[in-house]
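# Structure assessment
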Amino acid sequence: MQDFFSDMNMWHWFIFGFALMAVEVFIPGAFFLWPGLAALVVGGVVMMLDIHWTQAMGLWALLSVITVVIWTVFRRKFPAQTESFSGLNRRGQEFVGQTLT
């Protein structure tokens, strides 16, 4: 196992990032998206700087936590407005009570 981590390169991080984003498609909730994005960023950093795998893992963990916290704060500050979609799939409902010519 030690050999696998020591041989990790940028392609491993890119594949890991896209795999996490693919998991997000099947398990929605916007949680796997952010660690996947962090893995893509780490892949870019590894490509440019060729850092050691322990530094890459630490950077991925740190970026994952930061992106999830930022997303959580953003969602609390700007909650989804479900009232605007209340008439979805009820086209005639918006005309009830109106007089049209």
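As shown above, the structure is provided for reference.
Residues numbered from 1 in each chain as written. Predicted model: local features only at pLDDT ≥ 70, side-chain atom pairs only at ≥ 80, totals over all residues. Heavy atoms only, no water.

## Comments concerning unusual backbone geometry
The phi dihedral of Asp50 falls on the positive side, at around 50°, and the residue is not glycine. Its place among the elements puts Asp50 in the loop between α3 (33–49) and α4 (53–77). A residue is classified by how much of its surface remains accessible, and Asp50, at 65% relative accessible area, is exposed. (Helix = DSSP H or I, 4+ residues; strand = E, 2+ residues; numbered from the N terminus. Buried < 20%, exposed > 50% of the residue type's maximum accessible area, 1.4 Å probe, protein only.)

## Overview of a nonpolar patch on the surface
A cluster of nonpolar side chains, contributed by Val25, Phe26 and Ile27, occupies part of the molecular surface with about 370 Å² of accessible area. Relative to the elements of secondary structure, Ile27 occurs in the loop between α2 (10–26) and α3. The partly exposed category is assigned to Ile27, whose relative accessible area is 47%. (Patch = residues over 30% accessible without salt bridge, like charges linked within 9 Å, V, L, I, M, F, W, Y side chains within 5 Å. Areas by Shrake-Rupley, 256 points an atom, 1.4 Å probe, with all protein chains shown as cover. Salt bridge = Lys/Arg side-chain N within 4 Å of Asp/Glu carboxyl O.)

## Description of the packing of α2 against α3
The interhelical angle for the contact between α2 and α3, taken along N-to-C directions, is 165°, at an axis separation of 8 Å. On the basis of the axis angle, α2 is roughly antiparallel to α3. Between α2 and α3 lies a crossing whose hand is left-handed. Counted together, Met10, Trp13, Phe14, Phe16, Gly17, Phe18, Leu20, Met21 and Glu24 of α2 and Leu33, Pro35, Gly36, Leu37, Ala39, Leu40, Val42, Gly43, Gly44, Val46 and Met47 of α3 form the full contact between these two elements. Here the contact of α2 with α3 is built from residues that sort into 15 nonpolar, four polar and one charged. (Axes fitted to C-alpha atoms, helices over the stretch in contact; angles between N-to-C directions. Parallel < 35°, antiparallel > 145°, perpendicular 65-115°, else oblique. Left-handed = near helix turned anticlockwise from the far one by under 90°. Contact = heavy atoms within 4.5 Å. Nonpolar A, V, L, I, M, F, W, Y, C, P; charged D, E, K, R; others polar.)

Without other data, these values stay purely geometric and don't point to any function.
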